[in-house]
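Secondary and tertiary structure notes
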Number of protein chains: 2
Amino acid sequence: MLNKIKKQFNKKTNFEQWPGIIKGYKKWLPINKNTPIITLQEGATPLIELESINQIIGRNVKVYAKYDGLNPTGSFKDRGMTMAISKAKEEGCKAVICASTGNTSASAAAYAKKGGMKSFVLIPDGYVAQGKLAQALVYGAEVLAIKGNFDTALEIVQRLANEFPITLVNSVNPYRLEGQKTAAFEIIDSLGEAPDYLCIPMGNAGNISAYWMGFNEYLTEGISKKLPNMVGVQATGSAPLVFGKIIKHPETIATAIRIGNPVNKEKANIVKKESKGTFLDVTDEEIIKAYQLLGKQEGIFCEPASAASVAGLLKIKEKISNNATIVCVLTGNGLKDPDCAIDNNEAIFKQGIEPNFEEIAKSMGF
Amino acid sequence: MLNKIKKQFNKKTNFEQWPGIIKGYKKWLPINKNTPIITLQEGATPLIELESINQIIGRNVKVYAKYDGLNPTGSFKDRGMTMAISKAKEEGCKAVICASTGNTSASAAAYAKKGGMKSFVLIPDGYVAQGKLAQALVYGAEVLAIKGNFDTALEIVQRLANEFPITLVNSVNPYRLEGQKTAAFEIIDSLGEAPDYLCIPMGNAGNISAYWMGFNEYLTEGISKKLPNMVGVQATGSAPLVFGKIIKHPETIATAIRIGNPVNKEKANIVKKESKGTFLDVTDEEIIKAYQLLGKQEGIFCEPASAASVAGLLKIKEKISNNATIVCVLTGNGLKDPDCAIDNNEAIFKQGIEPNFEEIAKSMGF
């Protein structure tokens, strides 16, 4: 009997297609039998050990990247958007709106179209990375680039959603954080336990709250036995949560976290307190250094805002306990911001080379 | 006893981290206990039903996209590169080289760095999409942009690899196709059977041969019971396999398949014959139409070359049998070529808008 059952279980195929976070984590999410599931098979992203960072820190510390840039639209936003759009569809919504530094708009547009809805996005004119603009356009959003920053755009879309029949899908939408918490589940499912530290970039500060919710839910169910210290990282020129005040004119190369008045600031401060966590800022130079290190040492191309999590870890590396397990969240794909990569690399790039064998061999050092 | 065992199996966590294609499909790949596994957790990509294409074709036909743009460097090349680089490492290699229209160079550079090796890439000057160039630079490759097309670059790197201690990782490297065949395994593992048709873009024509190898291996092992018709699609301006002759000056918006003299042409012709398949060409206009349809209807952003598979399917849709299952391979991420997206969309994009609530509401039609 035992052998027969064992055989049956071994007969399963090698690979099981991940169905997206809603079907994958059904019992943990506020859905019901009437919720239509609008998915692009988001989630199930890589957790990659960063050997070069292990070596920098030493003391048997193990550092992993949760590479959420491999979600369908290239950022962690897809985890929340599958929830927000599925619930909007359930409620009969025909159009959605968001303010965005680029990742939310890409995700909202893609999921809205998959769900047969219209999407409007307000972005800060001139401050959205090229790839993200390309995405919103390809996914057929109606894009309004306003003279103003993200915070202004968010105020306007909140009012539009209040006064007109259109659903707001920014992270004030509660379903967004519910979806985003699944990244914490995946980390525990992969490591077998929560990490000791989670380093995460903070812009509108929804994601740190979502992760905290996820870690707490697994703890409550007894799946994990501890909670991580939450390390929230902001760019120095855009660090309202670090400095404890609204930044009127936020500036940073990390456009995805260029937000001066985070809508989720109270939630984030609670996370900091409850987790005995740390908020810190890193300069654009420190961000670019981490960004380059990830590319050149680890073969991982993330967007500048994502590299803030690694830059933050490197800044506090002396304070990390021996033997700790750390996860750095890489929120978005580097391909979203090709200009940043072309302007900030140390590679050798020779153009206009004649296709001559001897010359090429020579220039390669042979 | 039965209940005890069942309980044990149900206790597993929700999500199982995919370990990359080498560990995931170990027994199917030419590795041994001494092979170091250099992985970025490639593979396990989404298989997404394309409801809009189902409706266009009708007759109970089911069409899926194998969205291989969600691999770590954004293309199917990663499946082959994890194999090629792991084997190169096993053999003590210190540097790799490739010619590339952009995807191979990105993948080679990333995996080489992960494996602690140096990488050189030859690309056609001015004909590599911006995102792909950004990748090669971020991953720290030495990039030589030559005056000449892919075919010229490939001739040169083949000679370099022959004469100097450097490993060639183009698809003449046999390990590349071994890794790429795992996409066929995943499709069968997901659908429970091989599809009736596989539509795939052809550039250097390695991938169609790799899929065919994968489908045949699962058939031989009795995991599947049929083989698909292989539909290979080229761009009209770059269709040596369709027209049966070398194209000296290939031209197409789909730069990833802008190859006039495919190194794997003989293998591809055998696949066509054995599978009773079809090779056809699609114009750049047809490619862009399919590209836009995927974005606006399905929320999927692929690169132009990838859309060729869907364009090809739409071109021969009358010939598809009733009730057929079809998989279209989307080889690369649309973010690799943001310019193409910005130049080819029908979205509404208004810039320089004053942040005035009433005006914005009015411009949205409220």
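Residues numbered from 1 in each chain as written. Chains lettered and ligands numbered in written order. Predicted model: local features only at pLDDT ≥ 70, side-chain atom pairs only at ≥ 80, totals over all residues. Heavy atoms only, no water.

1. What to know about the overall build of chain A
Short version of the rule: The helix count covers DSSP runs of H or I at least four residues long, the strand count covers runs of E at least two residues long, and both are numbered beginning at the N terminus. The atom set for the radius of gyration is the C-alpha atoms, and the globule formula is 2.2 Å times the number of residues raised to the power 0.38. In this description, contact between two residues means that some pair of their heavy atoms is separated by no more than 4.5 Å. Reported accessibility uses the Shrake-Rupley method at a 1.4 Å probe radius. Residues are deemed covered only where the shown protein chains occlude them. In this tally, Lys and Arg are treated as positive and Asp and Glu as negative; His is ignored, and so are the chain termini. Each charge is placed at NZ for Lys, CZ for Arg, CG for Asp and CD for Glu.
Tallying secondary structure elements over chain A gives 16 helices and 11 strands in all. The C-alpha atoms of chain A give a radius of gyration of 21 Å, which matches the 21 Å a tight globule of 366 residues would have. Overall size of chain A, expressed as C-alpha extent along the three principal axes, is 70 × 65 × 45 Å. Taking the intrachain contacts of chain A between residues at least 6 apart in sequence as the baseline, contacts between residues at least 24 apart amount to 72%. Of the roughly 13,400 Å² of accessible surface on chain A, a fraction of 49% belongs to carbon and sulfur atoms. Charge separation in chain A, taken as the distance between the mean sites of 43 positive and 37 negative side-chain charges, equals 7 Å.

2. Some remarks on the sheet that holds strand β2 (residues 62-67) of chain B
Residue and element names in this part refer to chain B. Spelled out, the test is: Pairing between strands requires that DSSP locate at least two bridges from one strand to the other. Axes here refer to lines fitted to C-alpha atoms; in helices the fit is confined to the stretch in contact. Angles between the N-to-C directions go from 0 to 180 degrees.
With mixed pairing, six strands are arranged side by side in an open sheet as β1-β2-β10-β7-β8-β9. Of all strands in the sheet, those bounded by a partner on one side alone are β1 (47-49) and β9 (278-282). The mean angle between the axes of side-by-side strands here comes to 25°, regardless of whether they run parallel or antiparallel. Judged from the three bridges that link them, strand β7 (residues 197-201) and strand β10 (residues 325-330) form a sheet pairing that is parallel. Its bridge partner lying in β10, Y197 is registered against I326.

3. Here we look at a negative patch on the surface
Spelled out, the test is: Two joining distances apply to patches: 9 Å for like charges and 5 Å for nonpolar side chains (Val, Leu, Ile, Met, Phe, Trp, Tyr), and every residue must have over 30% relative accessible area and no salt bridge. By convention in these notes, a salt bridge is any Lys or Arg side-chain nitrogen within 4 Å of a carboxyl oxygen on Asp or Glu. When a residue's accessible area, from a 1.4 Å probe over protein chains only, is under 20% of the maximum for its type it is buried; when over 50% it is exposed; and in between it is partly exposed.
A cluster of like negative charges, contributed by D339 and D343 of chain A together with D339 and D343 of chain B, occupies part of the molecular surface. Those elements giving two or more residues to the negative patch turn out to be α15 (338-343) of chain A together with α15 (338-343) of chain B. Looking at the secondary structure, you find D343 of chain B in helix α15. Under the relative-accessibility criterion, D343 of chain B is labelled exposed at 61%.

4. Section: helix α14 (residues 304-315) of chain B
Residue and element names in this part refer to chain B. The criterion, for reference: The span one expects for a helix is its residue count, reduced by one, times 1.5 Å.
For α14, spanning 12 residues, the distance from its first C-alpha to its last is 16 Å, which sits close to the expected 16 Å at 1.5 Å a residue. Of all 12 residues making up α14, 10 are buried, and the element is well covered by its neighbours. Residues of α14 that are buried include every one of P304, A305, S306, A307, A308, S309, V310, A311, G312 and L313, and no others.

5. Here's the deal with the pairing of strand β7 (residues 197-201) of chain A
Regular strands show a simple pattern: their side chains alternate between the two faces of the sheet. All names here are of chain A. How we decide: Handedness is read with the strands pointing away from the viewer; a crossover is right-handed when the path from the first strand over the helix to the second is clockwise.
Extensive coverage of β7 is indicated by the burial of five of its five residues. With burial as the criterion, each face of β7 is covered, one bearing Y197, C199 and P201 and the other bearing L198 and I200. Sheet topology places β7 next to strand β8 (residues 229-235); five bridges connect them, and they run parallel. Bridging across to β8, L198 finds its partner in M230. In this region the chain leaves β7, passes through helix α10 (residues 206-220) and returns to the parallel neighbour β8; the handedness of that crossover is right-handed.

6. Remarks on the interface of chain B and chain A
Operational definition: What gets called buried area is simply the loss in accessible area from a 1.4 Å probe that two parts show on being joined, summed for both. The definition of a polar contact used here is a pair of N or O atoms within 3.5 Å, where within protein one atom must be able to donate a hydrogen and the other to accept one, and adjacent residues in sequence count solely through side-chain atom pairs. Amino acids outside the nonpolar list (Ala, Val, Leu, Ile, Met, Phe, Trp, Tyr, Cys, Pro) and the charged list (Asp, Glu, Lys, Arg) are all regarded as polar, and Gly is one of them.
With 91 residues of chain B in contact, the opposing surface of chain A contributes 91 residues. Where chain B abuts chain A, roughly 8,400 Å² becomes buried across the two surfaces, and 67% of that area is made up of carbon and sulfur atoms. Summed over the three residues of chain B that lose the most area to chain A, namely F15, L335 and F357 of chain B, the buried surface amounts to 9% of that side. Summed over the shared surface of chain B and chain A, the result is eight salt bridges. The shortest N-O distance in the salt bridge between K114 of chain A and E298 of chain B comes to 3.1 Å. There are 31 residue pairs in polar contact (both at pLDDT 80 or more) connecting chain B and chain A. Residue contributions to the side of chain B that touches chain A peak at seven residues, all from helix α6 (residues 130-138) of chain B. Among the residues forming the side of chain B that touches chain A, the class breakdown is 52 nonpolar, 21 polar and 18 charged.

7. Observations concerning the pattern of salt bridges
All names here are of chain B. Under the counting rule described, the total for this entry stands at 36 salt bridges over all chains. With its nearest N and O atoms 3.0 Å apart, the salt bridge here joins K315 to E286. A residue pair is termed long-range when its members are at least 10 positions apart, and K315 in helix α14 and E286 in helix α13 (residues 284-298) qualify at 29 residues. For K315, a relative accessible area of 40% puts it in the partly exposed group. For E286, a relative accessible area of 28% translates into the label partly exposed.

8. Structural notes on the packing of helix α9 (residues 182-191) of chain A against α10 of chain A
Residues and elements named next belong to chain A. Stated formally: An angle below 35 degrees is read as roughly parallel, one above 145 as roughly antiparallel, one from 65 to 115 as roughly perpendicular, and any other as oblique. Each crossing is labelled by how the near helix is turned from the far one, with a counterclockwise turn of less than a right angle marking it left-handed and a clockwise turn marking it right-handed.
Across the interface, α9 lies against α10 with an axial gap of 7 Å and an inter-helix angle of 50°. Here α9 lies oblique to α10, going by the angle between them. In this structure, α9 meets α10 at a crossing whose hand is right-handed. Seen from α9, the contacting residues are A183, A184, F185, I187, I188 and D189; seen from α10, they are Y211, G214, F215, E217 and Y218.

9. Quick notes on the relation of the copies chain B and chain A
Put simply, the rule reads: For the least-squares superposition of copies, only C-alpha atoms count, and only for residues with pLDDT at least 70 in both.
Of the transformation placing chain B onto chain A, the axial shift is 0.0 Å and the rotation is 180°, giving an RMSD of 0.0 Å. Given the turn and translation reported, the copies of this chain are related as if by a two-fold rotation axis. Taken together, the interface assignments show that 100% of the residues at the interface of chain B recur at the interface of chain A, consistent with an identical surface on both copies.

10. Describing the sheet that holds strand β5 (residues 142-146) of chain A
With respect to topology, five strands assemble into an open sheet ordered β6(A)-β3(A)-β4(A)-β5(A)-β11(B), the strand pairing being parallel. The open sheet is flanked by β6 (167-168) of chain A together with β11 (348-353) of chain B, the only strands paired with a single partner. Bridge count between strand β4 (residues 118-124) of chain A and β5 of chain A: five bridges; the pairing is parallel. From the neighbouring strand, P124 of chain A faces β5 of chain A, where its bridge partner is I146 of chain A.

11. Section: the packing of aromatic side chains
In this description, a pair of aromatic rings is defined by centroid distance and the angle of the planes. Counted only if it meets this: The criterion for an aromatic pair is that two Phe, Tyr or Trp rings (for Trp, the six-membered ring) have centres within 6.5 Å, with stacked assigned to planes under 30 degrees apart, edge-to-face to planes over 60 apart and tilted to the rest.
Here the structure, examined in full by the defined rule, presents 22 aromatic pairs over all chains. Relative to F15 of chain B, the ring of W18 of chain A lies with its centre 5.3 Å away and its plane at 70°, an arrangement referred to as edge-to-face. Residue W18 of chain A is found in the loop between α1 (2-10) and α2 (21-24), and its partner F15 of chain B is found in the loop between α1 (2-10) and α2 (21-24); the two belong to separate chains. A relative accessible area of 3% places F15 of chain B in the buried class. Each ring, one from W28 of chain A and one from Y218 of chain A, has its centre 5.0 Å from the other, and the planes form 50°; the classification is tilted.

12. Focus: the confidence of the model for chain A
All names here are of chain A. This is how it is decided: Every residue gets a pLDDT, meaning the predictor's confidence in that residue, from 0 to 100.
Averaged over all residues, the pLDDT of chain A equals 95, while 96% of them reach at least 70. Segment residues 1-12 is flagged for pLDDT under 50; beyond a separation of four residues in sequence, or across chains, it makes four contacts in the model. Per the prediction output, this complex has pTM 0.95; the corresponding ipTM is 0.94.

13. A look at α13 of chain B
Residue and element names in this part refer to chain B. Between its first and last C-alpha atoms α13 spans 20 Å; for 15 residues at 1.5 Å apiece the expected length is 21 Å, and the two agree. Among all positions of α13, only I287, I288, A290, Y291, Q292, L293, L294, G295 and E298 are buried. Positive phi appears at G299, one or two residues downstream of α13, with a value of about 70°.

14. Structural notes on unusual backbone geometry
If you check the backbone angles, N323 of chain A has positive phi at about 65° while not being a glycine. Despite not being glycine, N60 of chain B shows a phi value in the positive range, around 60°. You can see N60 of chain B is positioned in the loop between α3 (51-57) and β2. Judged by relative accessible area, N60 of chain B falls into the exposed class, the value being 54%.

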